[in-house]
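# Architecture at a glance
Listed here are the chains, written in short residue letters.
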Amino acid sequence: MTVSPAHTAPTAPTATTVTTGGALPGGEYDVTIVGAGVVGTAIARELARLPLRIALVDASDDVGDGTSKANTALLHTGFDAVPGSVESRLVREGHLLLSAYAAATGIPVEPLGALLVAWDAEQLAALPGLAEKALRNGYRSARIIPAEEVRAREPELGPGALGALDVPGESLICPWTTTLAYATQAVRAGVELHLNCRVLGVTSAEVHTVATGRGPLRTRYLVNAAGLYADEIDRLLGHADFTVTPRRGQLIVFDELARGLVRHILLPVPGALGKGVLVSPTVYGKVMLGPTAEDLDDKTDTGSTAEGLALLREKGRRILPALLEEEVTAVYAGLRAATGNDDYAIRAHPEQRYVTVGGIRSTGLSASMAIAAYVVELLADGGLPVAGARDLEPLRMPNLGEAFPRPYRDAELIARDPEYGRIVCHCERVTRGEIRDALASTVPPGSPDGLRRRTRARGGRCQGFYCGPAVRALFEEARR
Amino acid sequence: MSHDRTVDVLIVGAGPAGLALAARLAGAGAGHVEVLEREQDAGGVPRHCHHGGFGGPVRPWLTGPAYARRAVRAAMVAGATVRTGVSATGWAGPLTLETTSPAGLERITARAVVLATGARERPRSARLVPGSRPAGVLTTGELQQAVHLYGQDIGRRAVVVGAEPVVRHAVRTLRRAGAEVVAVVTERPRGTAVPGVPLLTATTVGELRGRGRLSGVVVRHADGRTGILACDTVVFTGDWIPDHELARRGGIAVDRGTRGPAVDASFRTSVPGVFAVGNALHGVERAATAAAEGAAAAAPVLARLAGAPWPEAGPPLVVRAPLLWVTPNRLTDLTDLTALARRPLLLRSGEPLTAPVLTAAQDGRLLWRRRFPVRTAPSRSLRLAPGWTDRVDRSGGPVVLAIG
Ligand SMILES: Cc1cc2nc3c(=O)[nH]c(=O)nc-3n(C[C@H](O)[C@H](O)[C@H](O)COP(=O)(O)OP(=O)(O)OC[C@H]3O[C@@H](n4cnc5c(N)ncnc54)[C@H](O)[C@@H]3O)c2cc1C
Ligand SMILES: Cc1cc2nc3c(=O)[nH]c(=O)nc-3n(C[C@H](O)[C@H](O)[C@H](O)COP(=O)(O)OP(=O)(O)OC[C@H]3O[C@@H](n4cnc5c(N)ncnc54)[C@H](O)[C@@H]3O)c2cc1C
């Protein structure tokens, strides 16, 4: 028997507020969160339990359109964090919270486990230290395995693997559905989401007056979850504790026929020359190779480079030679919010009724729910009334994961609604029913790319050769 | 629950190849011949090629859509069932396909299965073109559908990338949509000249620029000069790859050169009962070539239905650089010789050839040597008369085709 995932779930109930243009609603908000990435939406969702008026604003036309859409999509255990850091604690807690939330909400997660493969004597010698560090991070299941076991568990691995650290708790997760689930639940519980709404300035008195591209917004409390721009928002409030340096990570995604080549998340052993690149399946049934690590000064430079791609291919050929023979589906890059400090920069400024959530570097997806709980604690310490919390309405998200039933294979669902049998995007097997649902959902996409993050439409090997115009037509029709 | 059905012949893909085969088979009384097409309309790629030049022999006035309609009608008149909106999504057995359509899920078992799934152009990502990921980046397939089937807006200034004849169709479609074509760019030393459009040869696209919408492409000439072409649209053409996913998911051997299913001269794949025809075998040839392959596969499919055995795979036919691929690329038993006697082999080179001397050798023994008094471009296949293949030792090693 197949369990049907929710397909029509996030259709907008009448009373929700998502705005994309025009003047902002008047009045005073209790809390305003700047930035609707995975961190900002998680905070909005956590605050949505409270009887408060809350705004979530983002400069982009969609939620999750910054770093949260372009990462390696792993739900980390925190085994390799800096012991004793805030990040270590929040990733560990976040892993537990998000694992449970994902199961309840239908966010695809695959607990494949990771192998940190050692390719030379130096890396092999580093494994015991990493195992011991995992223990200090409260992670007890890591163990060192010999070369034969590595080979038996990953038969396609290139020659020369000397051993590995086995970390069974590391998982794949869908980053798009995670952010969207938080945002959907928050909006349904009354959070007002304002998109295309860039914060330009803040004047603080009894209340903050936030100047935005869509006019002023008044709020008592302010949360800065602006990702790469968290330092700039901080400066608007007179703080200069940290500077964000974008650290670019380029990635290559190989087509689903490569999926059979790899069974675990193959993490690099961090060494003197940086963190190295990983090879990992994705929940969409593909295989990812990357990321690079390049410090830039342009916070918008999410382009790929010839050098970056050549480097990835060279490293990938060593790790999994057969991978390079497969077709490439996508190339993308994300920017980590590095601060030069080995920890998150989460700071409370109670006198200003302001919390900064900065430096959420390369683990923010994993830690998001724990970060949110921590931020609400900090706001409460600063005087935000937190009485009267209620449970949120449960949510079921449409499934994008290959390891779970998808509509095109669900006979009962198609019998109920034949639109789930009408495949529009052939490479990714996305049906018209799913596209229709996404376009009518609580937080609808602002662009064809947003539609892709909700359905996978146009995200496959042909990149639109077959389905591009059909998908575009459906998007434009819904916007008319 | 899936619905289980049985047919005599199941053809996946209602393009010129699948339809031509269906017409022949149904006309020859092959029983229930069913063609599955995942699009809402049958006809394949010609549906959105609004220019003339289809048919065999070429008819300048015959447009793609008209050609497609004829092919669909011919198959239906002959008695084949053509079902649209039905996707073959995988295999439930060696000769059983799983399908999805608005009518539900099916498992269709056939006595012979034919893959006629066509080919697509490699998109920008698969070509590893660096830069940003703006809107306005297309393939010819997407461009033609957007303009001819959907009447969508394309942009104002376009760059076309590629050297194959399809460049002309991309330029024509862009102009028809009201865009100015700024340049045709190809890394090859020679390209496809289009009147009124500058042709930049020996030039690569080094980077795409622009956020939101494409703002330009960085081009780099082999001599080191670089520049930026301002444009809001770029079309990546050619660089075909067979749609081989269904074949590979069925465990069907794929040829290293063509990346399509490996077949013998009777279009037999490595899996007994499964045939493959058309662009699924080799990337884009003319529609008439794909259709001719479909028609030629009728005899071996009928033989299979009549109980002919499935021969063991013989030696593979392989190529040496600069040759890219040859098809057919397996040499099986003697029934092949009759098939080969009628059909030429198709051979592609990655570089232009002037009066090449081709050789075929097996286990160090020269089987054949011939001079071709022609010039061929990398976008055109050489046709080799097949007579020499009767000298192949069926139990010997690979047969190697090379430039002598
Ligand atoms: C290559 C790479 C790989 C990674 N891999 C992983 C991984 O495997 N697992 C994991 O857990 N984490 C991973 N991460 C980290 C993770 O992606 C980030 O920590 C997380 O996405 C940060 O979320 P955020 O909400 O803080 O930032 P963002 O997603 O960037 O959100 C910030 C938002 O603020 C908005 N904004 C900015 N300025 C303004 C303004 N002035 N006004 C209004 N809005 C504004 C932006 O539009 C944006 O939407 C990776 C990161 C990268 C780059
Ligand atoms: C831009 C362009 C211009 C061209 N111009 C000319 C010209 O002027 N003259 C000329 O002779 N030729 C031209 N051609 C070439 C010609 O269109 C092709 O050679 C011909 O269409 C190939 O036929 P086919 O049947 O092999 O494949 P296709 O036409 O590609 O048909 C394959 C069909 O299979 C279907 N399919 C694939 N997988 C599945 C599945 N799993 N389930 C169900 N259905 C499936 C597809 O939807 C498709 O309809 C042109 C091609 C292009 C791209």
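Summarised in this report is the structure supplied together with it. Nothing here was measured: the structure is a model prediction, and the numbers come from that model. (Residues numbered from 1 in each chain as written. Chains lettered and ligands numbered in written order. Predicted model: local features only at pLDDT ≥ 70, side-chain atom pairs only at ≥ 80, totals over all residues. Heavy atoms only, no water.)

## As for the overall build of chain A
To keep things clear, this is the line we draw: Elements are defined by DSSP. Helices are runs of H or I of four residues or more, strands are runs of E of two residues or more, and each kind is numbered from the N terminus. As defined in this context, the radius of gyration uses C-alpha atoms, and a globule is described by 2.2 Å times the residue total to the power 0.38. Throughout this description, buried means an accessible area under 20% of the type-specific maximum (1.4 Å probe, protein chains only), exposed means over 50%, and partly exposed covers the range between. Here the Shrake-Rupley method, with its probe set to 1.4 Å, supplies the accessible areas, and only the displayed protein chains count as covering residues. A positive count includes Lys and Arg, and a negative count includes Asp and Glu. His and the chain ends are not counted in either. Every charge is mapped onto a representative atom, which is NZ of Lys, CZ of Arg, CG of Asp or CD of Glu.
Scanning chain A from N- to C-terminus turns up 12 helices and 23 strands. Here the C-alpha atoms of chain A give a radius of gyration of 22 Å, agreeing with the 23 Å that 2.2 N^0.38 yields for 480 residues. Taken along its principal axes, the extent of the C-alpha atoms in chain A is 65 × 55 × 40 Å. Looking at chain A as a whole, 61% of its 480 residues are labelled buried. Carbon together with sulfur atoms contributes 53% to the accessible area of chain A, which is approximately 17,600 Å² in total. Once the 51 positive and 56 negative side-chain charges of chain A are each reduced to a mean point, those two points are 3 Å apart.

## Overview of the overall build of chain B
A tally of helices and strands in chain B yields 8 helices and 26 strands. What you see for chain B is a C-alpha radius of gyration of 22 Å, in line with the 22 Å of a compact globule of 404 residues. When the backbone C-alpha atoms are referred to their principal axes, chain B occupies close to 60 × 55 × 40 Å. Taken over 404 residues, chain B has a buried fraction of 59%.

## Quick look at the sheet that holds strand S23 (residues 365-371) of chain B
Residues and elements named next belong to chain B. Inclusion rule: Pairing between strands is defined by DSSP: at least two bridges between them are needed. Each axis is a line fitted through C-alpha atoms, and for a helix only the stretch in contact is used; angles between axes span 0 to 180 degrees, taken between their N-to-C directions.
If you walk across this open sheet you meet the 4 strands as S18-S26-S22-S23, and the pairing is mixed. Each of the sheet's edge strands pairs with one partner strand only, and the pair in question is strand S18 (317-319) and S23. Direction aside, neighbouring strands of the sheet carry axes that sit 20 degrees apart on average. In the sheet, strand S22 (residues 357-362) pairs with strand S26 (residues 399-403) via 5 bridges, with the strands oriented antiparallel.

## Some words on the site of ligand 1
Residue and element names in this part refer to chain A. Which entries qualify depends on this criterion: Near is defined per residue: the residue qualifies when any heavy atom it owns lies within 4 Å of the molecule or strand. Polar contacts, as used here, are pairs of N or O atoms within 3.5 Å; protein pairs need one atom able to donate a hydrogen and one able to accept it. Residues neighboring in sequence count only if both atoms are side-chain atoms. Classification convention: Asp, Glu, Lys, Arg as charged; Ala, Val, Leu, Ile, Met, Phe, Trp, Tyr, Cys, Pro as nonpolar; all other residues, Gly among them, as polar.
Lining the immediate environment of ligand 1, one finds 36 residues, of which Asp58, Ser68, Thr72, Val199 and Ser366 sit closest. Take threonine 67: an N or O atom from its main chain is 3.1 Å from an oxygen atom of ligand 1. Coverage of ligand 1 by the protein amounts to 95% of the 1,000 Å² it exposes when considered alone. Those elements that place two or more of their residues in the shell around ligand 1 are helix H1 (38-47), strand S19 (328-338) and helix H8 (364-381). Looking at the shell around ligand 1 residue by residue, the class counts come to 17 nonpolar, 15 polar and 4 charged.

## Some details on the site of ligand 2
Residues and elements named next belong to chain B. In the region of ligand 2, 34 residues are neighbours, and Glu37, His51, Asn279, Glu285 and Arg286 sit closest. Within the contact set of ligand 2, an oxygen atom lies 2.6 Å away from a backbone nitrogen or oxygen of glutamate 285. Between ligand 2 and the protein, one listed contact pairs an oxygen atom with a side-chain N or O atom of arginine 286 at 2.8 Å. Coverage of ligand 2 by the protein amounts to 95% of the 1,000 Å² it exposes when considered alone. Looking at the shell around ligand 2, the elements with two or more residues in it are helix H1 (16-27), strand S2 (33-37), strand S4 (87-93), helix H3 (140-149), helix H4 (166-176) and helix H6 (287-296).

## Overview of the sheet that holds strand S4 (residues 74-75) of chain A
Residue and element names in this part refer to chain A. Read from one edge of the open sheet, 3 strands run S4-S9-S5, paired in antiparallel fashion. Strands with a single pairing partner mark the edges of an open sheet, and in this sheet they are S4 and strand S5 (109-110). Both S5 and strand S9 (residues 171-173) contribute to a ladder of 2 bridges, which runs antiparallel. Bridge pairing in S9 links valine 109 to isoleucine 173.

## Focus: the nonpolar core
For clarity, the cut-off: Among the buried residues, those of types Ala, Val, Leu, Ile, Met, Phe, Trp, Tyr and Cys that are joined through side-chain atoms within 4.5 Å form a nonpolar core. In this description, contact between two residues means that some pair of their heavy atoms is separated by no more than 4.5 Å.
Judged by nonpolar contacts, the single largest core of 57 residues is most densely connected at Ile43, Leu47, Val357 and Ile371 of chain A. Contributing elements (two or more residues each) for this core: strand S2 (28-34), H1, strand S3 (54-57), helix H2 (86-105), helix H5 (175-188), strand S13 (215-224), strand S21 (354-358) and H8 of chain A. Counting residues per element, this core draws most heavily on H8 of chain A, at 11 residues. Those residues in contact with valine 357 of chain A that sit more than four places away from it in its chain are Val39, Ile43, Val223, Asn224, Ala225, Ala230, Ala345, Ile346, Ile371 and Val375 of chain A. Counting 53 residues, the second largest nonpolar core, distinct from the first, contains Val7, Leu115, Phe275 and Ala290 of chain B.

## Describing the pattern of salt bridges
All names here are of chain A. Applied cut-off: One speaks of a salt bridge when a side-chain nitrogen belonging to Lys or Arg is within 4 Å of a carboxyl oxygen belonging to Asp or Glu.
This structure, assessed with the given rule, holds 60 salt bridges over all chains. As a salt-bridge pair, glutamate 192 and arginine 53 come within 3.1 Å of each other at their nearest N and O atoms. Of this pair, glutamate 192 sits in strand S10 (residues 192-194) while arginine 53 is found in the loop between H1 and S3, placing the two residues 139 residues apart along the sequence. Given the relative accessible area of 12%, glutamate 192 is considered buried. Between arginine 456 and glutamate 428 there is a salt bridge, with its nearest N and O atoms 3.0 Å apart. With arginine 456 in the loop between helix H11 (448-455) and helix H12 (468-479) and glutamate 428 in the loop between strand S22 (423-425) and strand S23 (430-431), the pair connects residues that are 28 residues apart, well separated along the chain.

## Section: the interface of chain B and chain A
Applicable threshold: The quantity reported as buried area is the accessible area (1.4 Å probe) lost by two parts once they are put together, taken as the sum for both.
Facing 45 residues of chain B, the contacting portion of chain A comprises 45 residues. When chain B packs against chain A, the two sides together hide about 3,900 Å² of surface, and 49% of this comes from carbon and sulfur. Scanning the region where chain B abuts chain A turns up 9 salt bridges. Salt-bridge contacts for glutamate 98 of chain B lead to arginine 409 of chain A; the nearest nitrogen and oxygen are separated by 3.2 Å. For the pair chain B and chain A, the interface holds 20 residue pairs in polar contact (both at pLDDT 80 or more). When contributions to the side of chain B that touches chain A are tallied by element, the ones reaching two or more residues are S4, strand S5 (96-101), strand S6 (104-115), strand S7 (119-121), strand S8 (137-139), H3, strand S16 (240-242) and helix H5 (245-249) of chain B. If you tally residues by element for the side of chain B that touches chain A, the top one is H3 of chain B, at 4 residues. Considered class by class, the residues forming the side of chain B that touches chain A number 14 nonpolar, 15 polar and 16 charged.

Honestly, it's all geometry; don't read function into it.
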